[in-house]
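What the coordinates show
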Amino acid sequence: FYNRPGLEVHALTLFCGFGSPLLRFIGGSTVKGALVHLKSNGSGSGKSTAQMMVNSIFGHPDKLLNKQDDTYAAKIHMLGMMNNIANTIDEITNETAENLSALAYGVTNGRGKNRMNSQTNTLRINFTTWCGITITSANASLVDKLMQLKATSNGELSRTIEMLVPRYTGATKAEIDAVFSQLEHNFGVAGPIFIDYVVKNPEQVLDLCLKMQSRIDADLNLNASDRFYSCWGAIVMAAALITRKLGLHEIDIPRIYQYLLTVITDNRVNIQQTSNDADVVAQETLAA
């Protein structure tokens, strides 16, 4: 279904689910996570369904989906439980700008907060670590929310990949329901097949990730400050190629790759506009 023109963002989101466990291969000590945000101007665009498709790779599509009323601490703890498996957070429209800023930094830091023991002057042992992709969704722009907090929010923006999810009109409701109603009883099948290949072929997987990273860097002329985009694009497209080879999908990868380049380009433009606009910098200085 996701191979249809107009559903490139959904296919790319699905590949994020497969690519998340590969981040540990090339992320090193600098990229411990990436935040992918799906935005639309209303409901019915398939954002939540795409997130459930991601969850269905390894587990239950709905039970693994963080909900709007889950606490921030619970969402971060869920990151640690999932570790390398993609984490999904549905509907963050009503989250405060402060929480979203903390989330953007949190999901890319790779570990939970260090805390003190209550009875002794010692640190608790911190087992909450992760290295993967977090996928959020909302009916509003995460970038706009972050810029409300501070105009030159380059640190958060450079860790965030935002994708617009348009409403798809190429299928009837009955057709869409027939396809995605199967999620309730058909899940957790593709992940083991994919991971089995990764575990048995680590050198080939690493080589493929590095080749994809070099290609993306060359096509977009990325530099060191674009490391999140570079790593994210590499693992997502490497996963797309591996899963296609394993027969897990028949999606047109070259078309999705071109869409990925467009997504990275658009997100880089947002950062450049905020950092280079003298009026924006002056406004933040005055506000501070």
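Everything in this summary refers to the structure shown in the same document.

What counts and how
Residues numbered from 1 in each chain as written. Predicted model: local features only at pLDDT ≥ 70, side-chain atom pairs only at ≥ 80, totals over all residues. Heavy atoms only, no water. Salt bridge = Lys/Arg side-chain N within 4 Å of Asp/Glu carboxyl O. Helix = DSSP H or I, 4+ residues; strand = E, 2+ residues; numbered from the N terminus. Buried < 20%, exposed > 50% of the residue type's maximum accessible area, 1.4 Å probe, protein only. 1 Å grid on protein atoms, 1.4 Å probe; cavity = no way out; pocket = protein on both sides within 12 Å on 5 of 7 lines; lining within 4 Å. Points joined across faces, edges and corners; volume = space filled by probe spheres on them. Nonpolar A, V, L, I, M, F, W, Y, C, P; charged D, E, K, R; others polar.

On to the pattern of salt bridges, then. With the rule as written, the count across this model stands at ten salt bridges. The closest approach of N and O atoms between glutamate 175 and arginine 4, which form a salt bridge, is 2.4 Å. Separated by 171 residues along the polypeptide, glutamate 175 in helix 8 (residues 173-180) and arginine 4 in the segment before helix 1 (8-19) bring together distant segments of the chain. By relative accessible area, glutamate 175 is classed as partly exposed at 29%. Arginine 4 gets classed as partly exposed once you look at its relative accessible area, which sits at 25%. Between arginine 215 and aspartate 219 there is a salt bridge; the shortest N-O distance is 3.9 Å. Taken as a pair, arginine 215 and aspartate 219 lie in helix 10 (residues 202-220) at a separation of four residues, close to a single helical turn. By relative accessible area, which is 44% here, aspartate 219 ends up partly exposed. Taken together, the salt bridges that share partners define one network made up of Glu8, Asp252 and Arg255.

Further remarks concern empty space enclosed by the protein. Tallying each qualifying case throughout the model produces two cavities of 30 Å³ or more. In this structure, the largest cavity occupies an estimated 50 Å³ of space. Going through the elements one at a time, helix 4 (72-82) and helix 5 (97-109) are the ones with two or more residues in the lining of the largest cavity. No other element matches the three residues that helix 5 contributes to the lining of the largest cavity. Taken as a whole, the second largest cavity holds about 40 Å³ of empty space. Lining the second largest cavity are His37, Ile92, Thr93, Leu100, Ala138, Ala140, Ser141, Leu142 and Lys145. Split by residue class, the lining of the second largest cavity holds five nonpolar, three polar and one charged.

Despite not being glycine, asparagine 83 shows a phi value in the positive range, around 60 degrees. As for its placement among the helices and strands, asparagine 83 is situated in the loop between helix 4 and strand 3 (87-89). Judged by its relative accessible area of 24%, asparagine 83 is partly exposed. Phi is positive for asparagine 221, close to 55 degrees, though the residue is something other than glycine. If you trace the backbone, asparagine 221 turns up in the loop between helix 10 and helix 11 (227-245).

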